[in-house]
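Each chain, written out:
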Amino acid sequence: MKQMRAYILDLGSMQSDSNLAYWGSTLATRAQPNMPHHMNTTPSYAVLIDHPQAGWILYDTGMGDPNEWPRHILETVLAEQAPTMTMEYQLHLLGLKPADINYVIISHMHMDHIGNDRLFGDTAEFFVAKDELAFASQMVMSSKNLVDHGFFIREDVLWPRKRLHYLDRDEELFPGIEVILLPGHTPGLVGLVVHLDSGTLIFPSDAIADRKNYEGFPPANLHDSLRYRQSIRKVKDLQKKYRAQVFFSHDPVMIQQEMKKAPDYYA
């Protein structure tokens, strides 16, 4: 049987205030009342699975074109995406086109994770947590003030995906591919567990964006801090169960220095 492979698609990076990634990282104190703020680099990637039965499965689609983001996001996040880090180019490295992707699994609906969904709209089937779509839709429809939408972009969230499946529990979608619910960062965040011949890989998306978050230093951008901590415990339990490797979604050291990038792969 054909061996399952996992590819990391390098989709650029973003810079934002370090307090978003690590809450209180530049907190003023009596000793340092004028603590300066600084920007933190957060790389972005998607996961592409070459599955022996299901074909090509994509987990997240990246940030799309940052020039199309609303002003309040552009003021908060500085995106950097070289021509070699677009979704189309990264697929081209593997000899693929968007039409070759059979399934897209959405981790959550922030702008840097669903920005290229439209590329796959005519051919792929999409999976998203029911709670995630409900919350994101409420966020972008409840106010005309774009600032109230946070990191959800109305056009991306409400774009009509032709074939959409709802997720509401942990389950095996395909042999060797599990989805797990990891709420906290957003209400319906979905993580991915991939069982390869060489071992198990866990992709928790922004449920655990950085190694420091995993070690107990929470981010500021949380929907529910209690469920966030429960999700971290869930991932740690799965890591122990499978002796798995956890791939954080925005960790600059891990992504830039440790991860294999397409066309290289994990198998």
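These numbers come from a predicted model, not from an experiment.

So, how was this worked out
- Residues numbered from 1 in each chain as written.
- Predicted model: local features only at pLDDT ≥ 70, side-chain atom pairs only at ≥ 80, totals over all residues.
- Heavy atoms only, no water.
- Salt bridge = Lys/Arg side-chain N within 4 Å of Asp/Glu carboxyl O.
- Buried < 20%, exposed > 50% of the residue type's maximum accessible area, 1.4 Å probe, protein only.
- Core = buried A, V, L, I, M, F, W, Y, C linked by side-chain atoms within 4.5 Å.
- Helix = DSSP H or I, 4+ residues; strand = E, 2+ residues; numbered from the N terminus.
- Contact = heavy atoms within 4.5 Å.
- Pairing = 2+ DSSP bridges.
- Phe/Tyr/Trp six-rings, centres within 6.5 Å; stacked < 30°, edge-to-face > 60°.

Engineer: How should I be thinking about the pattern of salt bridges in this particular structure?
Structural biologist: Pairing of side chains with opposite charge becomes possible as their charged atoms draw close. Under the counting rule described, the total for this entry stands at 12 salt bridges. For D100, the salt bridge identified is with K97, shortest N-O distance 3.8 Å. For R169, the salt bridge identified is with E171, shortest N-O distance 3.9 Å. Here R169 falls in the partly exposed class, since its relative accessible area comes to 49%. One salt-bridge network, held together by shared partners, links D168, R169 and E171.

Engineer: Quick question: what am I supposed to make of the nonpolar core here?
Structural biologist: For soluble globular proteins, the rule of thumb is that nonpolar side chains tend to be buried together. Formed by 44 residues in total, the largest nonpolar core has its most connected members in I105 and F203. Among the elements that line this core, the one with the most residues is strand β10 (residues 190-196), at five residues. Once residues lying within four places of it in the same chain are set aside, the contact partners of I105 are I57, L58, Y59, D60, F127, L173, V179, V190 and L192.

Engineer: Is there a simple way to explain the side chain of H72 in this structure?
Structural biologist: Checked against the element boundaries, H72 lands in helix α2 (residues 71-76). Residue H72 is classed as buried on the basis of its relative accessible area of 18%. Non-local contacts of H72, meaning those with residues more than four positions away in its chain, are made with L146, V147 and G150.

Engineer: Is there a simple way to explain unusual backbone geometry in this structure?
Structural biologist: In the segment running from A262 into P263, the intervening peptide bond is cis, with an omega of 15°. Phi at D60 is positive, roughly 75°, even though this residue is not glycine. Looking at the secondary structure, you find D60 in the loop between β3 (55-59) and α2. Note on D60: relative accessible area 3%, which makes it buried. Positioned with a positive phi, R243 is a non-glycine residue whose angle comes to about 50°. Inspection of the secondary structure assignment puts R243 in the loop between α7 (225-242) and β12 (245-246).

Engineer: Just checking my understanding: could you explain the sheet that holds β12 for this structure?
Structural biologist: Sheet strands associate in pairs through backbone hydrogen bonding, adopting either a parallel or an antiparallel arrangement. The sheet built from five strands is open, its strands ordered β8-β9-β10-β11-β12 with mixed pairing. The strands lining the two open edges of the sheet, one partner per strand, are β8 (171-174) and β12. Across three bridges, β8 lies against strand β9 (residues 177-181) in antiparallel orientation. By the bridge assignment, E171 is partnered in β9 with V179.

Engineer: Can you help me understand the packing of aromatic side chains in this one?
Structural biologist: To describe a pair of aromatic rings, you give the distance between the ring centres and the angle between the ring planes. Enumeration over the complete set of coordinates arrives at 10 aromatic pairs. With 6.1 Å between their ring centres and 40° between their planes, Y103 and F127 make a pair best called tilted. Here F127 lies in strand β6 (residues 125-129) and Y103 lies in strand β5 (residues 101-105), a separation of 24 residues in the sequence. When sorted by exposure, Y103 lands in the same class as F127, which is buried. Judged by centre distance (5.9 Å) and plane angle (70°), the ring pair of F135 and F152 falls under edge-to-face. Separated by 17 residues along the polypeptide, F135 in helix α4 (residues 130-141) and F152 in the loop between α4 and α5 (154-158) bring together distant segments of the chain. The class of F152 is buried, set by a relative accessible area of 4%.

Geometry only, nothing functional implied.
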